[in-house]
2 protein chains.
Amino acid sequence: MVPIVSIVGKSDSGKTTFLEKVVKTLVNRGYKVGTIKHDAHSFEIDHQGKDSWRHKQAGAAVTVISSPAKIALVADADHDHTLAELRDKFFRDVHIIVSEGYKRETHPKIEVFRSELRRELLCTTDDNLIAIAGDPPDPPAGIPVFDLNDPGPICNYLEERFLRKETNADEQ
Amino acid sequence: MVPIVSIVGKSDSGKTTFLEKVVKTLVNRGYKVGTIKHDAHSFEIDHQGKDSWRHKQAGAAVTVISSPAKIALVADADHDHTLAELRDKFFRDVHIIVSEGYKRETHPKIEVFRSELRRELLCTTDDNLIAIAGDPPDPPAGIPVFDLNDPGPICNYLEERFLRKETNADEQ
């Protein structure tokens with residue numbers, strides 16, 4: 001079962017930038033990483049007028065573009081998929097999945113926190129918070145705090161916890 | 001096993017336009033249709049600077065964007081996937097897959113042919129040619145010819161052949 005870790009935080013707290021650093025670091029260490037971005041509304045992908053865009057516009061439920069180096073897919077969804085559903089459909093072949101968002105799910109979470117934006121954490125330890133990246137004034141006991149700008153130590157922690165041993169079923 | 005039909009033809013013969021008409025017609029008849037576009041080179045999808053684009057650029061092997069109505073995926077590939085591989089990975093839930101291109105594969109093919117562009121067909125019956133859409137001067141015996149601009153009759157033929165009965169294993 002591929003472990004899932006979610007990066008959560010207030011909007012504009014720098015989740016995407018932090019995720020980029022974590023992904024780059026893990027990839028440099030030789031791991032295959034998958035990422036998931038939640039979009040609450042509609043989003044646009046592909047480019048108007050391209051053949052694949054025309055396929056989807058014509059009513060295809062699923063359109064795939066396949067090349068020797070890259071595959072892309074655009075599919076209709078009939079519900080908001082959970083991380084576990086997305087893992088089962090699309091991520092059979094990675095070592096770890098890092099999601100941006102998905103605060104309400106029960107997977108382990110890293111909260112990105114910048115005290116100039118917010119006074120209190122979004123998550124409690126009940127939310128399966130496993131780490132904080134940033135400068136929380138009063139972090140919960142037992143939750144490690146990492147530097148938002150230095151992904152090395154938090155990647156050591158993720159490796160230790162999810163990548164170097166069998167993952168703990170409780171954390172799935 | 002989801003049937004696969006490939007629309008092939010010379011470049012600029014109108015494959016995408018014809019595929020759009022066929023997909024619209026089948027969707028209007030209540031079928032769930034998947035499509036596959038082959039791209040021999042690299043292609044761009046997603047939009048520079050968007051969060052999902054940043055995830056992929058950071059080195060994720062697979063990036064998914066998920067919303068309540070739509071899911072998109074961009075993944076690295078280590079080889080040029082066959083139609084059957086793509087079917088097995090991504091198209092578990094459609095009635096039929098229509099591909100654009102993939103002339104060299106053995107799935108049933110419809111050739112789009114316009115005599116002002118070309119004298120001879122690309123396919124022979126050995127290529128598993130099952131129909132021609134257009135105005136071939138000398139179509140092979142036993143291969144039905146359909147109007148390129150009227151998708152109704154060819155969709156009747158596809159329904160009859162692939163959608164109203166168990167598909168013939170030879171045609172897979």
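Residues numbered from 1 in each chain as written. Chains lettered and ligands numbered in written order. Predicted model: local features only at pLDDT ≥ 70, side-chain atom pairs only at ≥ 80, totals over all residues. Heavy atoms only, no water.

Undergrad: Sorry, what's going on with the relation of the copies chain A and chain B here?
TA: Two chain copies, one operation linking them: a rotation about an axis together with a shift along it. Placing chain A over chain B gives an RMSD of 0.0 Å and needs a rotation angle of 180°, together with 0.0 Å of translation along the axis. Those values place the two copies in the arrangement expected of a two-fold rotation axis. Same-surface contact between copies: 100% of interface residues of chain A are shared with the interface of chain B. (Least-squares fit on C-alpha atoms with pLDDT ≥ 70 in both. Contact = heavy atoms within 4.5 Å.)

Undergrad: How should the pairing of strand E5 (residues 96-100) of chain A be read in this particular structure?
TA: Residues in a regular strand point their side chains to alternate faces of the sheet. Residue and element names in this part refer to chain A. Counted residue by residue, E5 has 5 buried out of 5 residues, so it is predominantly covered. Burial along E5 is two-sided: Ile96, Val98 and Glu100 and Ile97 and Ser99, pointing in opposite directions, are all buried. Pairing between strand E1 (residues 4-8) and E5: 4 bridges, direction parallel. Its bridge partner lying in E5, Val5 is registered against Val98. Where strand E2 (residues 33-38) and E5 come together, 5 bridges link them in parallel fashion. The residue of E5 that forms the bridge with Lys37 is Glu100. (Buried < 20%, exposed > 50% of the residue type's maximum accessible area, 1.4 Å probe, protein only. Helix = DSSP H or I, 4+ residues; strand = E, 2+ residues; numbered from the N terminus. Pairing = 2+ DSSP bridges.)

Undergrad: How should I be thinking about the interface of chain A and chain B in this particular structure?
TA: How big an interface is tends to be expressed through the accessible area that disappears when the partners come together. Every contact between the two is made by 58 residues of chain A and, on the other side, 58 residues of chain B. Of the roughly 5300 Å² buried between chain A and chain B, counting both surfaces, carbon and sulfur atoms make up 58%. Scanning the region where chain A abuts chain B turns up 4 salt bridges. Of the charged contacts in the structure, one is a salt bridge between Glu20(A) and Arg54(B), with a shortest N-O distance of 2.8 Å. When residues of the side of chain A that touches chain B are traced back to their parent elements, those giving at least two are helix H1 (15-28), E2, helix H2 (51-57), strand E3 (62-66), strand E4 (70-76) and helix H3 (83-90) of chain A. Its residues placed into classes, the side of chain A that touches chain B shows 27 nonpolar, 14 polar and 17 charged. With 5 bridges connecting them, E2(A) and strand E3 (residues 62-66) of chain B associate as parallel partners. By the bridge assignment, Lys37(A) is partnered in E3(B) with Ile65(B). (Buried area = accessible area lost by both parts, 1.4 Å probe. Salt bridge = Lys/Arg side-chain N within 4 Å of Asp/Glu carboxyl O. Nonpolar A, V, L, I, M, F, W, Y, C, P; charged D, E, K, R; others polar.)

Undergrad: Mind showing me how you'd approach the packing of helix H1 (residues 15-28) of chain B against helix H4 (residues 151-163) of chain B here?
TA: Two quantities define a packed helix pair, namely the angle between the axes and the distance from one axis to the other. Residues and elements named next belong to chain B. Where H1 meets H4, the closest approach of the two axes is 10 Å, and the angle between their N-to-C directions is 65°. Classified by chirality, the crossing of H4 by H1 is right-handed. Each of Phe18, Lys21, Val22, Thr25 and Leu26 in H1 lies in contact with H4, whose residues at this interface are Pro151, Ile154, Cys155, Leu158, Glu159 and Leu163. Its residues assigned to classes, the contact of H1 with H4 shows 8 nonpolar, 1 polar and 2 charged. (Axes fitted to C-alpha atoms, helices over the stretch in contact; angles between N-to-C directions. Left-handed = near helix turned anticlockwise from the far one by under 90°.)

Undergrad: How should I be thinking about the environment of Lys89(B) in this particular structure?
TA: On the secondary structure map, Lys89(B) appears in helix H3 (residues 83-90). Using a relative accessible area of 36% as the deciding quantity, one classes Lys89(B) as partly exposed. Excluding anything up to four places from it in sequence, Lys89(B) contacts Lys89(A), Arg92(A) and His81(B).

Undergrad: What am I meant to see in H1(A) here?
TA: Since one α-helical turn is 3.6 residues long, residues separated by three or four positions face the same way. Residues and elements named next belong to chain A. An ideal rise of 1.5 Å per residue puts 20 Å on 14 residues; H1 measures up with 20 Å between its terminal C-alpha atoms. All of the buried residues in H1 are Lys15, Thr16, Phe18, Leu19, Glu20, Val22, Val23, Thr25 and Leu26. Positive phi appears at Gly30, one or two residues downstream of H1, with a value of about 100°. (Expected span 1.5 Å × (residues − 1).)

Undergrad: Would you take a moment to explain the pattern of salt bridges for this structure?
TA: A side chain with one charge may pair with a side chain of the opposite charge, provided their charged atoms come close. The tally for this structure, following the rule as stated, stands at 22 salt bridges over all chains. In this structure, Lys37(A) and Asp51(B) form a salt bridge, with 2.7 Å as the shortest nitrogen-oxygen distance. With Lys37(A) in strand E2 and Asp51(B) in helix H2 (residues 51-57), the pair connects residues from two separate chains. The exposure class assigned to Lys37(A) is buried, which follows from its relative accessible area of 16%. The class of Asp51(B) is partly exposed, set by a relative accessible area of 23%. One salt bridge connects Glu159(A) with Arg164(A), and the closest N-O pair in it is separated by 3.5 Å.

Undergrad: Before we go on, may I ask you to explain the nonpolar core in this structure?
TA: Nonpolar side chains in soluble globular proteins tend to end up buried together. Val64(A), Phe90(A), Val64(B) and Phe90(B) are the most contacted members of the largest nonpolar core, which totals 34 residues. Mapped by element, the contributors of at least two residues to this core are E3, E4 and H3 of chain A together with E3, strand E4 (70-76) and H3 of chain B. The residues contacting Phe90(A), other than those within four sequence positions of it, are Leu73(A), Val62(B), Val64(B), Ile71(B), Leu73(B) and Phe90(B). (Core = buried A, V, L, I, M, F, W, Y, C linked by side-chain atoms within 4.5 Å.)

Undergrad: Mind showing me how you'd approach the packing of aromatic side chains here?
TA: Aromatic rings in a pair are described by how distant their centres are and how their planes are angled relative to each other. Residue and element names in this part refer to chain A. Here the structure, examined in full by the defined rule, presents 2 aromatic pairs over all chains. Judged by centre distance (5.4 Å) and plane angle (40°), the ring pair of Phe146 and Tyr157 falls under tilted. With Phe146 in strand E8 (residues 145-146) and Tyr157 in helix H4 (residues 151-163), the pair connects residues that are 11 residues apart, well separated along the chain. Note on Phe146: relative accessible area 13%, which makes it buried. (Phe/Tyr/Trp six-rings, centres within 6.5 Å; stacked < 30°, edge-to-face > 60°.)

Undergrad: So what exactly am I meant to see when it comes to the pairing of E3(A) here?
TA: Residue and element names in this part refer to chain A. Counting buried positions along E3 yields 5 of 5 residues, so the element is predominantly enclosed. Judged by which residues are buried, E3 turns out to be covered on both faces: Val62, Val64 and Ser66 on one side and Thr63 and Ile65 on the other are all buried. Alignment of E3 against E4, held across 5 bridges, turns out to be antiparallel. Counted as the bridge partner of Ser66 is Ile71 from E4.

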